[in-house]
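Given next are the chains, with one letter for each unit.
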Amino acid sequence: MNDNDKESVLVSVVIPTYSRSDTLERAINCILEQTYRNLDIIVVDDNSPESMYRLLTGQIMQKYAADPRIRYIQNPQNLGGAGARNVGIEAAKGEYIAFLDDDDEYYPEKIQKQLEVFQNNNSDNLALVYCDVEHVGKNHHVDCVIRKRYKGNCLYEAIEDDCLASTSMWLVKKSMLQSVGNFSIVPCKQDSTVILKLLEKGYEVDFVPEVLCIYHNVTGHMRISFGPRKIEGELNFYNACCRVYDKMTPKQIRYIEYAFAKKLYILYSYRRHEGKEKQKAERNKMWKLRPVAAAMFFLRRKLHLWKRKMKKKKG
């Protein structure tokens with residue numbers, strides 16, 4: 001990009017918000033502080049029209065009413081994360097779209113550096129550029145940093161690795177996102193499902209090897225759910241992955257099957273009585289697919305449970 005064209009490309013930023021009016025201003029302000037200035041900011045209010053959060057969100061958005069870059073969309077009913085993002089996609093005017101969850105945050109150079117990767121990449125199939133992310137807990141302590149280094153049409157890696165990049169880490173080309181039907185309405189794994197659809201169509205990904213995004217873990221823990229919706233979402237994603245097995249080697253399929261069996265085994269362990277038989281089936285599948293890996297997994301798990309039990313006794 002030469003200096004004259006540096007900010008000729010419009011980038012839309014979609015912020016879906018639900019029940020988090022306390023962090024919404026921080027999310028909006030970090031977009032306004034971006035070093036890249038040619039922005040189209042869309043806040044999609046997914047709160048129920050009758051709720052206190054709709055009222056509070058409306059009051060917050062009045063502070064930004066004079067800024068022509070910011071638009072405020074109120075959904076007539078709660079659509080969920082995927083549905084709210086799809087509303088933002090359809091309203092977006094930019095050639096590229098970034099997403100920011102209302103409790104997450106960008107560093108100032110995020111959009112600029114991701115856009116530079118798009119501009120410098122020679123592939124016509126580049127659909128999405130992601131970045132590193134840090135998980136920040138209480139007292140602004142960095143709990144962990146997530147770094148991925150997959151690029152190109154990394155279909156196998158995106159499946160086997162579980163989640164290549166969550167939505168707040170993305171900058172994606174709008175036309176390519178729309179060509180795969182935007183976000184699928186699924187209970188979870190919405191980000192992984194979109195990436196799967198993009199790679200399945202032959203598109204590619206790239207990355208900026210820097211931390212440009214912050215996930216605020218207000219509870220001090222990673223965002224992990226173990227409920228029925230999580231299991232349903234994993235099974236939906238598994239079925240979607242099975243559709244691309246024709247693009248995999250037998251070894252890759254075996255590794256993917258093992259990875260899903262391990263995830264489901266762990267999820268069913270939290271369901272106790274109703275998940276006991278299903279957990280047993282996934283355990284047997286793990287032993288059959290990769291016996292050495294399964295042995296190491298169950299040994300580590302047994303050791304972990306024993307340490308936790310000893311800690312409780314001492315406490």
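Note that this is a predicted model, so its numbers are computed, not measured. (Residues numbered from 1 in each chain as written. Predicted model: local features only at pLDDT ≥ 70, side-chain atom pairs only at ≥ 80, totals over all residues. Heavy atoms only, no water.)

A. Spotlight on the side chain of Lys148. Assignment of secondary structure puts Lys148 in the loop between strand S7 (142–146) and helix H5 (155–160). What makes Lys148 buried here is its relative accessible area of 15%. Engagement of the side chain of Lys148 in a polar contact is seen with the side chain of Asp161, the distance being 2.6 Å. A polar contact of 2.6 Å, which involves the side chain of Lys148, links it to the backbone oxygen of Cys163. Not counting chain neighbours up to four residues away, the residues in contact with Lys148 comprise Tyr130, Asp132, Asp161, Cys163, Leu164 and Phe207. (Helix = DSSP H or I, 4+ residues; strand = E, 2+ residues; numbered from the N terminus. Buried < 20%, exposed > 50% of the residue type's maximum accessible area, 1.4 Å probe, protein only. Polar contact = N/O pair within 3.5 Å; in protein donor to acceptor, adjacent residues only side chain to side chain. Contact = heavy atoms within 4.5 Å.)

B. Geometry of unusual backbone geometry. You will see that His140, though not glycine, has its phi angle at about 60°, which is positive. With respect to the element layout, His140 can be found in the loop between strand S6 (126–136) and S7. With a phi angle near 65°, Lys189 is a residue other than glycine that sits in the positive phi range. In this fold, Lys189 is placed in the loop between helix H6 (174–179) and helix H7 (190–200).

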